[in-house]
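Listed below are the residues making up each chain.
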Amino acid sequence: DTGVSQNPRHKITKRGQNVTFRCDPISEHNRLYWYRQTLGQGPEFLTYFQNEAQLEKSRLLSDRFSAERPKGSFSTLEIQRTEQGDSAMYLCASSSTGARSPLHFGNGTRLTVT
Amino acid sequence: RKEVEQDPGPFNVPEGATVAFNCTYSNSASQSFFWYRQDCRKEPKLLMSVYSSGNEDGRFTAQLNRASQYISLLIRDSKLSDSATYLCVVNRGNTGFQKLVFGTGTRLLVSP
């Protein structure tokens, strides 16, 4: 399977704990995106990498959130001191270069903060 | 006001029906436009891009009206497998980077 892979699929954590999610994009894709989706809403943009450079961050990405893509391949999204409002589906997507290159989304990581 | 607005539905239609979804966007600087499909508890998948001249892909037809900032999707001869949420998406990115802004989605239920 050469699609976008995310793990874990589900994460339940207590408020105040730190969590980290991993995304493995399609290997030849140099662009990687993180989105967040809550129930009944469309996905919301969080951040974007081109290779290892993080080129844009949404205002939704508070200072408790940090994303990395150290070698331009896989990416991690860490949330520190989780809050109940962080409960959502975190989606990773990748694409090749080009304005109309479609985004390929992974299955997502569903986070529940109790 | 949301940047991309869609009727959330649900639209309940019988098999074989024709159904149309509409979407409006507020940012006139939007660069490109798409329809994505999302099945329950699954990731969004690109259904089709939307071009200024309108475009068709099998039973699906997309239209764009830049002057009115309006996008539509028409599904002909609905199948049970078309049941899903259809997300209207605009791209506000520049230099080729896709900063996609999603609508809340329109839910379609096709019944036998």
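In what follows, the structure referred to is the one given above.
The following paragraphs examine the structure supplied in this document. (Residues numbered from 1 in each chain as written. Chains lettered and ligands numbered in written order. Predicted model: local features only at pLDDT ≥ 70, side-chain atom pairs only at ≥ 80, totals over all residues. Heavy atoms only, no water.)

We now examine the sheet that holds strand 3 (residues 19-24) of chain A. Strand pairing in a sheet relies on backbone hydrogen bonds. The paired strands run either parallel or antiparallel. Residue and element names in this part refer to chain A. Pairing is antiparallel across the open sheet formed by 4 strands, whose spatial order is 1-3-8-7. Two strands lie at the open edges of the sheet, namely strand 1 (5-7) and strand 7 (65-68), each paired on one side alone. If you compare each strand with its neighbour and ignore which way they point, the axes differ by 15° on average. (Pairing = 2+ DSSP bridges. Helix = DSSP H or I, 4+ residues; strand = E, 2+ residues; numbered from the N terminus. Axes fitted to C-alpha atoms, helices over the stretch in contact; angles between N-to-C directions.)

With that out of the way, let us pick up the sheet that holds strand 6 (residues 55-57) of chain B. Residue and element names in this part refer to chain B. Read across the sheet, 5 strands follow the order 1-3-8-7-6 without closing on themselves; strand pairing throughout is antiparallel. Both outer strands of the open sheet, strand 1 (4-6) and strand 6, are each paired with one neighbouring strand and no more. Averaged over all neighbouring strand pairs, the angle between strand axes comes to 20°, with direction disregarded. As defined by bridge partners, strand 6 adjoins strand 7 (residues 60-65) across 3 bridges and the pair is classed as antiparallel. Looking at the pairing, Glu56 lines up with Thr61 of strand 7.

So, on to the layout of surface pockets. Considering only enclosed or pocket space, the largest pocket measures out at about 740 Å³ in volume. A:Gln37, A:Leu39, A:Gly40, B:Cys40 and B:Arg41 are, among the 27 residues lining the largest pocket, the residues nearest its centre. Volume-wise, the second largest pocket comes out at about 470 Å³. Those elements that provide at least two residues to the lining of the second largest pocket are strand 5 (44-50) of chain A together with strand 10 (100-102) of chain B. The greatest single-element share of the lining of the second largest pocket, amounting to 3 residues, is contributed by strand 10 of chain B. (1 Å grid on protein atoms, 1.4 Å probe; cavity = no way out; pocket = protein on both sides within 12 Å on 5 of 7 lines; lining within 4 Å. Points joined across faces, edges and corners; volume = space filled by probe spheres on them.)

For the peptide bond that leads from A:Asn7 to A:Pro8, omega is 0°, which places it in the cis range. Take A:Pro8: it is sitting in the loop between strand 1 and strand 2 (10-13). Note that the residue after B:Gly9, namely B:Pro10, is joined by a cis bond; omega there is 5°. With a phi angle near 55°, B:Gln69 is a residue other than glycine that sits in the positive phi range.

All names here are of chain B. Checked against the element boundaries, Tyr70 lands in strand 8 (residues 70-75). Sequence separation of Tyr70 and Thr24 is 46 residues, and the distance between their C-alpha atoms is 4.5 Å. Excluding residues within four positions of it along the chain, Tyr70 makes contact with Asn22, Cys23, Thr24, Tyr25, Gln63, Leu64 and Asn65. (Contact = heavy atoms within 4.5 Å.)

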